Amino acid sequence: GRFRVDAMHGDGPAEFPLSLWQLTLPGGPLPDRLIMRWARPEDVIGSTTVDDLLEAAGVAPSDRWPVVEMGGEVVWVPGVRRVGWESRPETGYLSLVASEESVWGT
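On a predicted model such as this, the values are computed, not experimentally measured, just so you know.

What counts, and where the lines are drawn
- Residues numbered from 1 in each chain as written.
- Predicted model: local features only at pLDDT ≥ 70, side-chain atom pairs only at ≥ 80, totals over all residues.
- Heavy atoms only, no water.
- Helix = DSSP H or I, 4+ residues; strand = E, 2+ residues; numbered from the N terminus.
- Buried < 20%, exposed > 50% of the residue type's maximum accessible area, 1.4 Å probe, protein only.
- Patch = residues over 30% accessible without salt bridge, like charges linked within 9 Å, V, L, I, M, F, W, Y side chains within 5 Å.
- Areas by Shrake-Rupley, 256 points an atom, 1.4 Å probe, with all protein chains shown as cover.
- Salt bridge = Lys/Arg side-chain N within 4 Å of Asp/Glu carboxyl O.
- Lys, Arg positive; Asp, Glu negative; His and termini not counted.
- Charge placed at Lys NZ, Arg CZ, Asp CG, Glu CD.
- Core = buried A, V, L, I, M, F, W, Y, C linked by side-chain atoms within 4.5 Å.
- Contact = heavy atoms within 4.5 Å.

(A) Spatial organisation of the environment of Gly84. Residue placement: Gly84 occurs in the loop between strand E8 (81–82) and strand E9 (93–100). For Gly84, a relative accessible area of 69% corresponds to the exposed category. C-alpha of Gly84 to C-alpha of Leu23: the two residues are 61 residues apart in sequence and 8.9 Å apart in space.

Now the structure itself:
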């Protein structure tokens, strides 16, 4: 597709990223596996539907947009919103960085 996601595990960033294109999670045992998939009409993050967030961000309804789900809940809409996490430096961190490809290959 037109999105790329890179994952890195380590001690964690010196400063937590402000970019909505990056999600940093405690790297210890996560409650469930992370799943990246396309957004669905029924998805919510916090108390807001993902569709409403995408519309507010100027994403056309016809565009497919990725989300990351953990434990059955959406935790990240790359470039739009992410959930917050407690800092647990003793476990290291898992960072996901998404980018939207602006040039399509042939």
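That covers the picture; the talk isn't over yet.
(B) Quick peek at a negative patch on the surface. On the surface, Glu42, Asp51, Asp52 and Glu55 cluster together into a patch of negative charge. Along the polypeptide, Asp52 turns up in helix H1 (residues 50–56). Overall, Asp52 belongs to the partly exposed group, its relative accessible area being 44%.

(C) The nonpolar core, seen in detail. If you look at the biggest cluster of nonpolar residues, it comprises eleven residues: Phe3, Ile45, Val50, Leu53, Leu54, Val59, Trp65, Val67, Val74, Val77 and Val80. Every element with two or more residues in this core is listed here: H1 and strand E7 (73–77). Sorting elements by how many residues they give to this core places H1 first, with three residues. Apart from residues lying up to four places away in sequence, Phe3 is in contact with Trp21, Trp38, Arg64, Trp65, Pro66, Ser99 and Glu100. Listed in part, the nine residues of the second largest apolar core include Leu25, Val68, Leu94 and Ala98.

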